[in-house]
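Residues per chain are reported as follows:
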Amino acid sequence: MSISQLAREIKESPTLKLNEEAMLLKERGEPVINMTAGEPKNKAPITAVLSSTAKLREGDVKYTPVDGTRALKKAIIRYTEETYGRMPAPENVIVSTGAKQSLYNVLFSILNPQDEVIILAPYWVSYPEMVKMCYGLPVIVTPEDGSFQPRFDEIEQAVSSYTKAIIVNSPNNPSGAVFSEDLIADLVEFCEGRGIYLIMDDIYQKLVFDGRRAVPGYAYTDRDIENTHLIVINGVSKLYGMTGFRIGWAIANRKLVEVMTNVQAQTTSSPPAVSQAAAEGALTGMQSVTENLRLSIQNNRDILVNELRTFTDIHFHKPEGTFYCLPDFRAYGSSSVELARFLLKKALVVTVPGGEFGMEGYIRLSFTGAAKEISEAVNRMKWALDPNAPNEIYIGDRKMVRDWM
Ligand code: PMP
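Here the structure is a predicted model, which means the values were calculated and not measured.

*Asks:* Sorry, what's going on with the packing of helix 3 (residues 46-58) against helix 11 (residues 273-284) here?
*Replies:* To characterise two packed helices, one gives the angle between the axes of the helices and the distance between these axes. Remark: helix 3 packs on helix 11, axes separated minimally by 7 Å, with the N-to-C direction vectors making an angle of 145°. Seen along the crossing, helix 3 lies across helix 11 with a hand that is right-handed. Residues T47, A48, S51, S52, K55 and L56 of helix 3 touch helix 11, and the partners they reach there are A273, V274, A277, A278, G281 and A282. Within the contact of helix 3 with helix 11, the residues separate by chemical class into seven nonpolar, four polar and one charged.

Have a look at this one:
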């Protein structure tokens, strides 16, 4: 079988393997706790359900304009105005099948072979792979001070004449960090000055805790959407917990949106009509849904943080947003895949190895689950990793036996 060189270079995800193993264990009735979820547990907002079922009931479900329905674009324009104080034209907006497709369309539309894209570690797993899929080169910048706050001078040093774009994701998956206003301001000024695209992946924009705010890039440029180098990515997946509807969008200058529309037209055509109706329903419905979701996730964050504080030998930064925490487990070994496998085998807790995000020795814990499960998961991990803990404990009626790794 002949497989392209490019396709061969796309990384297999150890997370999927771990999830498969976890699924098998669950099917066998084992009390597995899954801390990998990249989605909140809530039900879709009622306004999303109603507007998509109305579309289904019509039965007239067809292709829509490639770049999205007029009604959804109108709702996105309003969202952009309310969230960012910017008013894009419909031609500045392209709706895609998830923010993921929006990002891919952007990269495909701006990159020539060997162009470089700066990615800040820890990073969302798909960024480097997407860049490679567009024949670009990911350039990873990892903060030297071990914090999750990227440093502008370190980013600047990584810029070369081939740098086409910098991707910024704040609030950040997987660290939960919200980047400082100074960093965003410096990056916007730098990119506008140098003509480098600044791709702001704002998918977790509203999931910020303790009264903080994730400052939007737009706050630091006077240029209008037509002339700025900022490209803003968003979607309903995290905002409303509507991952399965697969609706995201990008805001950029008209020319770029036109090119992205051609790319999308030749690959997937329009995003699904029923999902677009759902996204429109969510965006035009009661926005208290997002606030309720944020509050329940903040509560979960507090539970996780309190539990993690009792864990000696691990270090972590308290998440300021998203639903992820990325503790440093290097005291327990250098391979995060081995550690994640061990935690699954011994503690029946599924986690994501930090190596996937460019942070070897770290483990990503998602706190979207039930509060009770979060506490229990940490306690099981503590037990599994503590050499002085009793060798056997019972979880429900299941006897767990600890093996030192
Ligand atoms: N960006 C980041 C940082 C994400 O974590 C995700 C989803 N895990 C996405 C983009 C993609 O979101 P969507 O479901 O809209 O494709």
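Right, picking up where we left off after that structure.
*Asks:* What is the right way to read a nonpolar patch on the surface from this model?
*Replies:* On the surface, I46, V49 and L50 cluster together into a nonpolar patch covering about 280 Å² of accessible area. Looking at the element boundaries, I46 is found in helix 3. Classification of I46 as exposed rests on a relative accessible area of 58%.

*Asks:* Sorry, what's going on with a negative patch on the surface here?
*Replies:* A cluster of acidic residues, E156, E181, D182, D186 and E189, forms a negative patch at the surface. Per-element accounting of the negative patch gives the leading share, four residues, to helix 8 (residues 181-194). When you line up the elements, E181 lands in helix 8. Since its relative accessible area comes to 46%, E181 is described here as partly exposed.

*Asks:* Just checking my understanding: could you explain helix 13 (residues 336-347) for this structure?
*Replies:* In an α-helix, one turn spans 3.6 residues; hence positions three or four apart end up facing the same way. The terminal C-alpha atoms of helix 13 lie 15 Å apart, and with twelve residues this matches the ideal 16 Å at 1.5 Å per residue to within 8%. All buried positions along helix 13 are accounted for by S336, L339, A340, F342, L343, L344, K346 and A347. On its buried face, helix 13 is in contact with helix 2 (14-27), strand 10 (349-350), strand 11 (352-353), strand 12 (363-366), helix 14 (371-385) and strand 14 (398-401).

*Asks:* Where do I start with the pairing of strand 12 in this structure?
*Replies:* The side-chain alternation of strand 12 yields two buried faces, one formed by I363 and L365 and the other by R364 and S366. As paired strands, strand 9 (residues 324-325) and strand 12 are joined by two bridges and run antiparallel to one another. Bridging across to strand 12, Y324 finds its partner in S366. Sheet topology note: the strand 11/strand 12 ladder contains two bridges and is antiparallel. Residue pairing in the sheet places P353 in a bridge with I363 of strand 12.

*Asks:* Sorry if this is basic, but what is going on with the sheet that holds strand 9 here?
*Replies:* Two pairing modes exist for strands in a sheet, parallel and antiparallel, and in both the strands are linked by backbone hydrogen bonds. Reading across the sheet, the three strands line up as 9-12-11 and stay open at both edges, with antiparallel pairing between neighbours. Single-partner strands in this sheet number two, and they are strand 9 and strand 11.

*Asks:* Can you help me understand the side chain of E30 in this one?
*Replies:* If you trace the backbone, E30 turns up in the loop between helix 2 and strand 1 (33-34). For E30, the contacting residues outside a window of four places in its chain are L25, L348 and R398.

*Asks:* I tried to follow unusual backbone geometry on my own but got confused; where do I start?
*Replies:* With the exception of glycine, the majority of residues adopt a negative phi angle, and the majority of peptide bonds are in the trans configuration. Between S170 and P171 the backbone carries a cis peptide bond, its omega angle lying at 0°. Mapped onto the elements, P171 comes out in the loop between strand 5 (163-168) and helix 8. Along the chain, N173 connects to P174 via a cis peptide bond; the corresponding omega equals 25°. Mapped onto the elements, P174 comes out in the loop between strand 5 and helix 8. For S269, which is not a glycine, the phi torsion comes out positive at approximately 60°. Mapped onto the secondary structure, S269 falls in the loop between helix 10 (254-267) and helix 11. With a relative accessible area of 23%, S269 lands in the partly exposed category. Residue L348 is not a glycine yet carries a positive backbone phi of 55°. Mapping L348 onto the fold places it in the loop between helix 13 and strand 10.

About the cut-offs
- Note on numbering: residues in each chain are counted from 1, in written sequence order.
- Local features in a predicted model are, by the rule used here, given only for residues with pLDDT of at least 70; side-chain atom pairs are given and counted only at 80 or more, and totals for whole chains, interfaces and linings are based on all residues.
- By convention in this description, side-chain values take in all heavy atoms of the structure and omit both hydrogens and water.
- The convention used is that axes are lines fitted to C-alpha atoms, helices contributing only their stretch in contact, and that angles between N-to-C directions extend from 0 to 180 degrees.
- Each helix is a run of H or I in the DSSP string that is no shorter than four residues. Each strand is a run of E no shorter than two, and both are numbered from the N terminus.
- Should the near helix be turned anticlockwise from the far one by less than a right angle, the crossing is left-handed, and should it be turned clockwise, the crossing is right-handed.
- Whether two residues are in contact is decided by their heavy atoms, any of which lying within 4.5 Å being enough.
- In this classification, the charged set is Asp, Glu, Lys and Arg, the nonpolar set is Ala, Val, Leu, Ile, Met, Phe, Trp, Tyr, Cys and Pro, and all remaining amino acids, among them Gly, are polar.
- Here the term patch refers to residues with relative accessible area over 30% and no salt bridge, with like charges joined within 9 Å and nonpolar side chains (Val, Leu, Ile, Met, Phe, Trp, Tyr) within 5 Å.
- Each accessible area is a Shrake-Rupley result for a 1.4 Å probe, and residues are judged covered by the shown protein chains and nothing else.
- We count a salt bridge whenever a side-chain nitrogen from Lys or Arg sits within 4 Å of a carboxyl oxygen from Asp or Glu.
- Only protein chains enter the area calculation, which uses a 1.4 Å probe; residues under 20% of their type maximum are buried, those over 50% are exposed, and those in between are partly exposed.
- Just so you know, the count uses Lys and Arg for positive and Asp and Glu for negative, and it drops His and the chain ends.
- A charge is said to be at NZ when it belongs to Lys, at CZ for Arg, at CG for Asp and at CD for Glu.
- Helix span, as expected, comes to 1.5 Å for every residue beyond the first.
- Note: two strands are recorded as paired if DSSP finds a minimum of 2 bridges between them.

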